[in-house]
Amino acid sequence: MSDTDENDLVAQRRQHLQELRKSGNAFSNKFRRDSLAADLIEQYGEKSKEELEQNPVKVAVAGRMMTRRIMGKASFAHLQDMSGQIQLYIRRDDLAEGVYNEGFKKWDSGDIIGATGIVMKTNKGELSIHVDSILLLTKSLQPLPEKFHGLTDQETRYRQRYVDLIMNEETRNTFKIRSQVIEFIRSYLKDVGYIEVETPMMHVIPGGATARPFMTHHNSLDMDLFLRIAPELYLKRLVVGGFEKVFEINRSFRNEGLSARHNPEFTMLEFYQAYADYEDLMNLTEEMLRKLTLAIGGSNEIVYQAETYDLSRPFDRMTVLESILKYNESISLDDLQSLDTIRKLAQQLGIPLEDSYGIGKIQIEIFEKTVETRLLAPTFITQYPTEVSPLARKNDDDPFVTDRFEFFIGGREIANGFSELNDPEDQAERFRKQVAEKDAGDIEAMHFDEDYITALEYGMPPTAGEGIGIDRLVMFLTDSPTIRDVILFPHMRNKS
RNA sequence: GGGCCGUUAGCUCAGCCGGUAGAGCAGUGGAUUUUUAAUCCAUUGGUCGCGCGUUCGAAUCGCGCACGGCCCA
């Protein structure tokens, strides 16, 4: 796109613009529309040609001219606005002198125009506007992609999302649904008593997850800062402060590779509720997702990548160990509970092991390798090992595991939640273990957050919390195979 | 990080056993007062991703790089 000035098509359009500048304001902002394409079709689309002729309705529309068919003294054009498209029927003799030949016929597809006229039906039955005045509002200098095949090159679709949005209704739809999903969640949580908050994105100590952070620097304070990897520890500070039901929907950042499921910045919902446990949140999640799918698509059945998912049925629930046994017939419970045998098992599965890995960590490695992608139907996996859950409350009966769950659908992790660890001494001990792992070379291990411990020492009520990956949820609801399809401007390498 | 595939006109794509690059759409000129991938006639448009090599000759073969896609870790 750097050679735009050398492109003939652009040069021609620049020439058109020069001529427009001579004859007046080439970027007029005086025109006001009173109707959107989709509303007109909704309101008048079912009416007959004769009905519309007998009761003429005058409207003003504006948008981008997507196609144009000139047939001598009459033309058709399709106008696209934020709601959809509507056809214009334009006759030379209905317009002011010269507008048709000196104006309209010299405009280009992609130009932004405004038009007024009477709602009509063509002989072929398409609702249209019989135009009586038409005005160029913005000159488009870049030619649009081809009208039939559109823009299909994935790289261009991501790098120049604006062109993708102009050309592909599917893309527009995906992002409208994304907006609806967030809107629904927001109002759902507010309806059950949550308040929305915003916590820092720049952290002195990156916490709340095990991940590599991005670093930045505050110049006047001469201080290194980290972009947050999760809002968790700040949200729980708010629970200590008495905000007993809080949520935040916003970006977190993780300095990791890119994939169909990973973008360095991504959107998470995190919510925390005092006097609740992880089972309460599983129930809330199940109900919220059920209502969400109904609100978005009018059905609990979701088709994702040719598989149909029915969210009206109760979601499956099983423990980590149960799920490993279910999907690995050759593995026994005893195998998973002895360090010697589980290490051998992991090695047989080709899982690279560090000396520091305990039984719990290896169980999760085996789970991720052999179970995760097979969890197609909506499933809560529970009882994650304490070793891999440094912020979660230990199970009262079995301190080897925590009262934690992750939610899977379509073989993909969507959510992670647990009863929160609110014992400050236990939490301090867990942090110390993380720091030891960090010192041993685990770059993803957590820091010791003293202020967070202090907050817990003031007393955090028994609380449950959860994070839901909004991007992945939207992928599922929009049948998108990669996360780039649900992020407006996904991260890309610099092009040359 | 590894494997495979791709990168040619504004867009969508052919061409690839080496011989000076093509189509459709868009654009331009002409015809056309109900078309809708409008139609008909004519026509413009290219550093074939970048670099190096092989060769008399490279879009085409080889190597390297960049970017993208899919799969794997």
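Above this text you will find the structure in question.
Predicted model only: the values in this text are computed from it and were never measured.

What follows concerns the overall build of chain A. Of regular secondary structure, chain A possesses 15 helices and 18 strands. Along the three orthogonal principal directions, the C-alpha set of chain A runs to about 90 × 55 × 50 Å. Across the 496 residues that make up chain A, the buried fraction comes to 48%. Put simply, of all contacts in chain A between residues at least 6 apart along the chain, 65% involve residues at least 24 apart. The positive charge centre, built from 60 side chains, and the negative charge centre, built from 82, are 9 Å apart in chain A.

Near RNA strand B lie 42 residues; those nearest to it are Gln12, Asp93, Glu126, Lys147 and Glu155. Of everything in RNA strand B that lies within 4 Å of the protein, sugar and phosphate atoms constitute 62%. Between lysine 124 and RNA strand B, the recorded distance is 2.8 Å, taken from a side-chain N or O atom to a phosphate oxygen. Of all the elements in the fold, those that place two or more residues in the surface near RNA strand B are helix H1 (8–23), strand S1 (58–71), strand S2 (74–81), strand S3 (84–91) and helix H5 (154–159). Of the residues forming the surface near RNA strand B, the biggest block, four residues, is contributed by H5. For the surface near RNA strand B, the residue count by class is 13 nonpolar, 14 polar and 15 charged.

Relative to the assigned elements, threonine 478 resides in the segment after helix H15 (470–477). On the basis of relative accessibility, which here comes to 15%, the residue threonine 478 falls in the buried class. Within polar-contact distance, the side chain of threonine 478 engages the backbone oxygen of valine 474 at 2.6 Å. Setting aside its immediate chain neighbours within four residues, threonine 478 contacts Thr174, Ile177 and Val486.

Two elements in contact, helix H11 (residues 339–348) and helix H12 (residues 359–370), have axes whose closest approach is 10 Å; the angle formed by their N-to-C orientations is 30°. It follows from the interaxial angle that H11 and H12 lie roughly parallel. H11 and H12 meet at a crossing whose hand is left-handed. Listed contacts from H12 to Leu339, Ile342, Arg343, Leu345 and Ala346 of H11 are Ile359, Ile362, Gln363 and Ile366. Partitioning the contact of H11 with H12 into residue classes produces seven nonpolar, one polar and one charged.

Turning to empty space enclosed by the protein, a few remarks are in order. Tallying each qualifying case throughout the model produces three cavities of 30 Å³ or more. In this structure, the largest cavity encloses a volume near 50 Å³. Together, Leu289, Leu292, Thr293, Leu311, Phe407, Ile409, Ile414, Leu473, Phe476 and Leu477 line the largest cavity. At the level of elements, helix H9 (278–297), strand S16 (404–409) and H15 are the ones that each hand at least two residues to the lining of the largest cavity. Tallied by class, the residues present in the lining of the largest cavity amount to nine nonpolar, one polar and no charged.

Consecutive residues of a regular strand have side chains that alternate between opposite faces of the sheet. Most of strand S4 (residues 112–121) is tucked away, with eight of its ten residues classed as buried. Across seven bridges, the pairing between S1 and S4 is antiparallel. From the neighbouring strand, alanine 60 faces S4, where its bridge partner is threonine 116. With ten bridges connecting them, S4 and strand S5 (residues 127–138) associate as antiparallel partners. From the neighbouring strand, glycine 114 faces S5, where its bridge partner is leucine 135. Two successive antiparallel strands, S4 and S5, enclose a turn made up of five residues, where glycine 125 displays a positive phi of approximately 90°.

A surface patch of like charges, here negative, comprises Glu256, Glu354, Asp355, Asp442 and Glu444. When you line up the elements, glutamate 444 lands in the loop between helix H13 (424–439) and helix H14 (450–458). We classify glutamate 444 as partly exposed; its relative accessible area is 32%.

Okay, the packing of helix H7 (residues 169–191) against H15 next. For any two helices packed against each other, the geometry is given by the interaxial angle and the distance between the axes. Across the interface, H7 lies against H15 with an axial gap of 10 Å and an inter-helix angle of 120°. One finds that H7 runs oblique with respect to H15. As H7 runs across H15, the sense of the crossing is right-handed. Residues Arg178, Val181, Ile182 and Ile185 of H7 touch H15, and the partners they reach there are Ile470, Asp471, Leu473, Val474 and Leu477.

What follows is about the packing of aromatic side chains. Per the stated rule, a full pass over the model turns up 15 aromatic pairs. On the basis of an interplanar angle of 80° and a centroid distance of 5.9 Å, the ring pair of tyrosine 194 and phenylalanine 271 is categorised as edge-to-face. On the criterion of sequence distance, the pair formed by tyrosine 194 in the loop between H7 and strand S6 (195–196) and phenylalanine 271 in strand S11 (residues 265–274) is long-range, its members being 77 residues apart. As far as burial versus exposure is concerned, tyrosine 194 and phenylalanine 271 are alike and both buried. Both rings, one in phenylalanine 315 and one in phenylalanine 407, keep their centres 5.4 Å apart while their planes meet at 25°; by these two values the pair is stacked. Here phenylalanine 315, found in the loop between strand S13 (307–310) and strand S14 (316–319), pairs with phenylalanine 407, found in strand S16; they are 92 residues apart in sequence, far enough to count as distant. The same class applies to phenylalanine 315 and to phenylalanine 407, which are both buried. An aromatic cluster of three or more residues is present, and its members are Phe315, Phe380, Phe405 and Phe407. For the cation-ring pair, arginine 68 lies above phenylalanine 104, with the distance from its terminal atom to the ring centre recorded as 5.6 Å. Its end group placed over the ring of tyrosine 384, arginine 404 keeps NZ or CZ at 4.5 Å from the ring centre.

As a further point, take the sheet that holds strand S9 (residues 223–227). Working definition: the strands of a sheet are paired by backbone hydrogen bonds and lie parallel or antiparallel to each other. Reading across the sheet, the three strands line up as S7-S9-S8 and stay open at both edges, with antiparallel pairing between neighbours. At either end of the open sheet lies a strand with only one pairing partner, and these are strand S7 (202–203) and strand S8 (215–218). For S8 and S9, the ladder comprises four bridges, and the chain directions are antiparallel. Its bridge partner lying in S9, threonine 216 is registered against leucine 225.

Calculation criteria
- Throughout this description, residue numbers start from 1 for each chain and increase along the sequence as written.
- Think of it this way: whatever chain is written first is A, whatever ligand is written first is 1, and the rest follow in order.
- Side-chain atom pairs in this predicted model are given and counted only at pLDDT of 80 or more, local residue features only at pLDDT of at least 70, and totals for whole chains, interfaces and linings cover all residues.
- Hydrogens and waters are ignored; side-chain quantities use all the structure's heavy atoms.
- By definition, any uninterrupted DSSP run of H or I lasting at least four residues is a helix, any uninterrupted run of E lasting at least two residues is a strand, and each is numbered from the N terminus.
- Partly exposed residues are those whose accessible area sits between 20% and 50% of the maximum for their type, while under 20% is buried and over 50% is exposed, using a 1.4 Å probe and protein chains only.
- It only takes one pair of heavy atoms within 4.5 Å for two residues to be counted as in contact.
- The convention is simple: Lys and Arg are positive, Asp and Glu are negative, and His and the chain ends are not counted.
- Each charge is placed at NZ for Lys, CZ for Arg, CG for Asp and CD for Glu.
- When we say a residue is near a molecule or strand, we mean one of its heavy atoms is within 4 Å of it.
- Side-chain atoms alone can form a polar contact between residues adjacent in sequence; in general such a contact is a pair of N or O atoms within 3.5 Å, and within protein one must be able to donate a hydrogen while the other accepts it.
- In the scheme used here, Gly and all other residues not listed as nonpolar or charged are polar, with Ala, Val, Leu, Ile, Met, Phe, Trp, Tyr, Cys and Pro taken as nonpolar and Asp, Glu, Lys and Arg as charged.
- Angular values range over 0 to 180 degrees, each being the angle between N-to-C directions of two axes fitted as lines to C-alpha atoms, with helices fitted over their stretch in contact.
- Orientation is classified from the angle alone, with under 35 degrees giving roughly parallel, over 145 giving roughly antiparallel, 65 to 115 giving roughly perpendicular, and any other angle giving oblique.
- Helix crossings fall into two classes, left-handed where the near helix is turned counterclockwise from the far one by less than a right angle and right-handed where it is turned clockwise.
- Points on a 1 Å grid over protein atoms alone make up a cavity when a 1.4 Å probe fits among them but cannot get out, and a pocket when they form an open set with protein on both sides within 12 Å along at least five of seven lines; lining residues each have an atom within 4 Å of a point.
- Grid points are joined across faces, edges and corners, and a volume is the space filled by probe spheres set on the points.
- Two strands make a pair as long as DSSP finds a minimum of two bridges between them.
- Like-charged residues are merged into a patch within 9 Å and nonpolar side chains (Val, Leu, Ile, Met, Phe, Trp, Tyr) within 5 Å, provided each residue has over 30% relative accessible area and no salt bridge.
- Each accessible area is a Shrake-Rupley result for a 1.4 Å probe, and residues are judged covered by the shown protein chains and nothing else.
- Note on definitions: salt bridges are taken to be side-chain nitrogens of Lys or Arg within 4 Å of carboxyl oxygens of Asp or Glu.
- Only Phe, Tyr and Trp rings are paired, with Trp represented by its six-membered ring, and only when their centres lie within 6.5 Å; those with planes under 30 degrees apart are stacked, over 60 edge-to-face, the remainder tilted.
- Note on criteria: charge over ring means Lys NZ or Arg CZ within 6 Å of the ring centre, with the direction from the centre no more than 35 degrees off the ring normal.

These figures capture arrangement, not role.
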